[in-house]
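One letter stands for each residue in the lines below.
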Amino acid sequence: MFANLTNGLDFQAKALLIRAERQRVIASNIANVDTPGYVGRDINFKDAMNEALGTSTSLSVSLSQPSSGNGIPSASNGTTNARHIPLQSQLGTLPGDGGPALGYTPVTQPAMDGNSVDIDRERANFVDNSVRYESTLRFINGTSKTILSAIQGQ
Amino acid sequence: MSMFSIFNVSGSAISSQSQRLNVVASNLANADAVAGPDGQGYKARQVIFETVPMGTEASAGVRVSAIKESNEPLKRVHNPGHPSADADGYVTQSNVNPVEEMVNMISASRSYQNNVEVMNTAKTLLLKTLQMGQ
């Protein structure tokens, strides 16, 4: 039942993490706008989100299975007994250790020094990503307020 | 929290750009410097930027890897009355091109401003994240 309550939050939490990661990549591009030979990187939000959601369903399946039961805490869900409720710890985590897959930005105006960053596009991407990050935050706030008012029943 | 490393990335860019601005200031200050008795005048300096990986693939900072002197020939001005003039009446001056340096200065200050803006936005977003659920 609790999973039903936090499913919507989990979706937004993953979106927020990918937004934060993309913000970091764009900041790196802006920082390296004068570095010779630097190649601009970017994250395809749609692909990253698909990847995050696809892996999370298989993760929750493996989490709901009971652990080996030999008394050794299993690292995946923290349970030591078959009757323990496994931790739903995938909230706010992304699959893989390196974060979402990085792509390369298209080169619109090649530079003499081999730098592929277009500063105007990066600034636009940065502002766009900031607004989307904030809107995701608002969705999370709205969902949590809804859940809280449902709990309080007032 | 991954967004905190934006401060490191943009901070490295800000310090590199300010170093570039510093070099431009030295070049402009020495634009009219005359060569000393050894005949070696001031040579324009240029910073060389280099990418620094910061932990993950997603964050790449920048640093100044070297400050190189320009290879352009020193300016020679015919001025026989000058105390530093050689036997032919020529005075050797620095090889700084003030127009190039001004362009360099504008470029450095714009990049600096860009990175300050990035830091400010990251700070605002982090503060908003702190207020999540309130």
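One structure accompanies this document, and this report is about it. (Residues numbered from 1 in each chain as written. Chains lettered and ligands numbered in written order. Predicted model: local features only at pLDDT ≥ 70, side-chain atom pairs only at ≥ 80, totals over all residues. Heavy atoms only, no water.)

### Some details on the pairing of strand β2 (residues 56-69) of chain B
The pairing of strand β1 (residues 45-54) of chain B with β2 of chain B spans 10 bridges and is antiparallel. Following the sheet pairing, isoleucine 48 of chain B is matched in β2 of chain B by alanine 66 of chain B. (Pairing = 2+ DSSP bridges. Helix = DSSP H or I, 4+ residues; strand = E, 2+ residues; numbered from the N terminus.)

### What to know about the pattern of salt bridges
Overall, the coordinates contain nine salt bridges over all chains when judged by the stated rule. The closest approach of N and O atoms between arginine 132 of chain A and aspartate 128 of chain A, which form a salt bridge, is 3.1 Å. One end of the pair, arginine 132 of chain A, and the other, aspartate 128 of chain A, are both in helix α3 (residues 119-152), four residues apart, so they sit about a helical turn from each other. Residue aspartate 128 of chain A is classed as partly exposed on the basis of its relative accessible area, which comes to 30%. Two residues, glutamate 50 of chain B and arginine 63 of chain B, come together in a salt bridge whose shortest N-O distance is 2.6 Å. (Salt bridge = Lys/Arg side-chain N within 4 Å of Asp/Glu carboxyl O. Buried < 20%, exposed > 50% of the residue type's maximum accessible area, 1.4 Å probe, protein only.)

### What about the interface of chain A and chain B?
Counting residues at the interface gives 28 residues for chain A, matched by 34 residues for chain B. Carbon and sulfur atoms supply 59% of the area that chain A and chain B bury against each other, a total of about 2,600 Å² over both sides. Together, Arg24, Ala31 and Asp34 of chain A form the three largest contributors to the area buried by chain A at its contact with chain B, with a combined 22%. One can count two salt bridges joining chain A with chain B. Close ionic contact of lysine 128 of chain B with glutamate 134 of chain A constitutes a salt bridge, the shortest N to O distance being 3.1 Å. (Contact = heavy atoms within 4.5 Å. Buried area = accessible area lost by both parts, 1.4 Å probe.)

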